[in-house]
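Summary of structural features
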Amino acid sequence: MSDTSHTAPHLRRAKTFDEGGRGLLLVAQLTQRWGSRHTSEGKTIWAELGLLEEDR
């Protein structure tokens, strides 16, 4: 996920009737780690997912 904003991403808890603000919280809950990289065009959020072990 990328955008043109140069502000650092931060986790926040959206209120019940907020229309936004849940994306990064969901990413943090569903991944092993995440972070951001700043570029001349803005920033990119990256995330790492764990691999499932194969049945033995």
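Details of the structure are given in the entry above.
Because the structure is a prediction, the values reported are computed rather than measured.

With that out of the way, let us pick up the pairing of strand β2 (residues 33-39). Where β2 and strand β3 (residues 42-48) come together, 7 bridges link them in antiparallel fashion. Residue pairing in the sheet places W34 in a bridge with A47 of β3. Two successive antiparallel strands, β2 and β3, enclose a turn made up of 2 residues.

Oppositely charged side chains are able to pair whenever their charged atoms sit close together. Applying the stated criterion across every chain yields a total of 2 salt bridges. Its salt-bridge partner being D3, residue K43 comes within 3.0 Å of it at the nearest N-O pair. Residue K43 is found in strand β3, and its partner D3 is found in strand β1 (residues 2-3); the two are separated by 40 residues along the sequence. What makes D3 partly exposed here is its relative accessible area of 36%.

Turning our eyes to something else, we now look at the environment of L25. Here L25 is to be found in helix α1 (residues 23-30). Among the residues examined, L25 registers a relative accessible area of 18% and is labelled buried. Considered as a pair, L25 and H10 are 15 residues apart in the sequence and their alpha carbons are 8.8 Å apart. Not counting chain neighbours up to four residues away, the residues in contact with L25 comprise L11, R12 and R13.

Considering the arrangement of structural elements, one finds I45 in strand β3. For I45 and P9, which are 36 residues apart along the polypeptide, the C-alpha to C-alpha distance reads 8.3 Å. Every residue in contact with I45, bar those within four places of it in the chain, is listed here: M1, P9, L24, W34, G35 and S36.

Thresholds, definitions, all that
Residues numbered from 1 in each chain as written. Predicted model: local features only at pLDDT ≥ 70, side-chain atom pairs only at ≥ 80, totals over all residues. Heavy atoms only, no water. Pairing = 2+ DSSP bridges. Helix = DSSP H or I, 4+ residues; strand = E, 2+ residues; numbered from the N terminus. Salt bridge = Lys/Arg side-chain N within 4 Å of Asp/Glu carboxyl O. Buried < 20%, exposed > 50% of the residue type's maximum accessible area, 1.4 Å probe, protein only. Contact = heavy atoms within 4.5 Å.

Scope: geometric values only; no functional claims are made or implied.
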